[in-house]
Amino acid sequence: MESGGNEMNKRVTIKDVAAKARVTHPTVSRALSDSPRVSEATKKRIRKIAAQLGYRPNLIARSLVRKQSRVVAVITPDLNPHVQPILRGVADACRRSNYALMLLSTDYWTEEGLSYMWVLDNWRVDGIIIYNVLYQRAAARDLQRLQCERVPSVFINKYLHDRKTNNVSVDNFDAVLRAMTHLHDLGHRRIGIMNGQAMSVDGVERFDGFRKALTKLGLPLEKHFVGCGNYSEEQAFEEMTRILCLRPRPTAMFCANDLMAMGVIRAAQKKGLKVPRDLAVVGFDDIESGQYFSPSLTTLRPPLRETGERAVALLMSLLENPRRAPEQIAMKAKLIVRQSSGTLNRP
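Residues numbered from 1 in each chain as written. Predicted model: local features only at pLDDT ≥ 70, side-chain atom pairs only at ≥ 80, totals over all residues. Heavy atoms only, no water.

Trainee: Looking at this structure, I do not really get the environment of Val-168. What am I missing?
Mentor: Counting through the fold element by element, Val-168 comes out in strand 5 (residues 167-170). Val-168 sits twelve residues away from Ile-156 along the chain, and the two C-alpha atoms are 5.0 Å apart. Setting aside chain neighbours within four positions, we find Val-168 in contact with Val-154, Phe-155, Ile-156, Asn-157, Thr-307, Arg-310, Ala-311, Leu-314, Ile-329 and Met-331. (Helix = DSSP H or I, 4+ residues; strand = E, 2+ residues; numbered from the N terminus. Contact = heavy atoms within 4.5 Å.)

Trainee: Where do I start with the sheet that holds strand 6 (residues 191-195) in this structure?
Mentor: Pairing between sheet strands relies on hydrogen bonds along the backbone, with the strands arranged either parallel or antiparallel. Taken in spatial order, the four strands line up as 7-6-8-9 in an open sheet, and their pairing is parallel. Sheet topology places strand 7 (226-228) and strand 9 (280-282) at the edges, where each strand pairs with a single neighbour. Recorded for the sheet is a direction-independent mean angle of 20 degrees between the axes of neighbouring strands. As judged from the four bridges shared by strand 6 and strand 8 (residues 252-255), these two strands associate in the parallel manner. Residue pairing across strands places Ile-193 opposite Phe-254, the latter belonging to strand 8. Packed on one face of the sheet, helix 9 (residues 172-185) meets strand 6, strand 8 and strand 9 and runs near 165 degrees to strand 8. (Pairing = 2+ DSSP bridges. Axes fitted to C-alpha atoms, helices over the stretch in contact; angles between N-to-C directions.)

Trainee: I would appreciate a short explanation of the pattern of salt bridges in the present structure.
Mentor: Should the charged atoms of two oppositely charged side chains come close, the side chains can pair. If you walk through the whole model with that rule in mind, you get 16 salt bridges. Measuring nitrogen to oxygen at the nearest pair gives 3.2 Å for the salt bridge that ties Glu-40 to Lys-43. Separated by three residues within a single helix, Glu-40 and Lys-43 lie in helix 4 (residues 40-53), roughly one turn from each other. You can call Glu-40 exposed: its relative accessible area is 54%. For Asp-92, the salt bridge identified is with Arg-305, shortest N-O distance 2.4 Å. With a gap of 213 residues between them, Asp-92 in helix 6 (residues 83-96) and Arg-305 in helix 13 (residues 304-320) connect regions that are remote in the sequence. Residue Asp-92 is classed as buried on the basis of its relative accessible area of 7%. Using a relative accessible area of 40% as the deciding quantity, one classes Arg-305 as partly exposed. (Salt bridge = Lys/Arg side-chain N within 4 Å of Asp/Glu carboxyl O. Buried < 20%, exposed > 50% of the residue type's maximum accessible area, 1.4 Å probe, protein only.)

What follows is the structure, encoded as C-alpha cells:
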C-alpha cells in the first residue's frame, strides 16, 4: 500500500512524457515551448499526453539549464486602486508566459532608483517592469543603471516620448484632448482644470495636455481657472470653492482624476449650482464609484489592465531579442459620457 501511494505521489517528469510519446525528451521540451522545430501535429500529440499524465514543468530545473530565473521583478510606488488593474494585467501575462512575479513597493519620491539596484544586487531576475509616478524629463540615469547590468526593462506610464526607453504608457495628451474637445463641442469656452501633483507624471502631462488642447481649440489659458486638488476630493472641493467665487467663473472643469471631479461637483452643489446645467465636469480614471455618483461622472477610462499585459509582452520580446530597437507604446483612453457633462446653459 505504501509503495502504491509513493507511485501516485511521484512527480511526472519530462522523460515520462517522452517515453509515453516515443520521442526524445528534448523533443518534448521543444514541443511544450512551442518551438518551430517541431510539427504542429507532434506538438498537439505531446501536449495531450503531457496533460493526461499530469505533467507540470519544473521551472527551477529549466532555469538552471537555460541560465534563466523565470522571474520578473515589478517595482511600484504603492498598491493603490489605480495601480491594481495594471498589476493584474502584469500578473496574468506573466502566468501565461510561465514567469513568476516578484513585487517590490517603494517610496514615491526617494527610493525608485535605489530599488533597481537592490533588486539587481540581491536577486536574479530576467527582467524588470517599473511603474512610478515621479516625473523626470530624461531617463538617462535610470537607463544607465539598468543597461550596465544588461537587464531588460520596461517602464509603465513614464518616458512615453523618450525614444531610448521601452515603455507602455497611457497617452495623457490624447486623452485630455478628447475630454476638452467634448466640452468644446458642448459649447463651453471658459474651461478650467483641477490638476494633481506637479511632480507626478500624470500631473505634468495632463496639465501640458490641457494647455495644448486649449491652443488647438483656439481658447485662452485662464490661470485663475487652474486649481491644484492634489488628487484629493477634499482639496479639490476647497480649490473649487475658491474658483466659483470668480466672475466670470468657468462653465466647465476638466479634472485630472475622478476623486477631484467629485470634489468639484460637491463644491458646485454647495454653491447652489446644478451639474451639468451650470457647470460641466469631466474626470479621469473611471473609478467604479463614479458611475454611482450623483450626477454620474463623465470620465476618461484608461486601459490599465491592458497596459500591464502589453508591458509584459514587450518585456518578453526583449528577452527573445535583446538587440531589438526600443519601443514606445501609447495606450488610448476612452471617453465615457455620463450625466456630469452637458450643453452650455446660455443665460
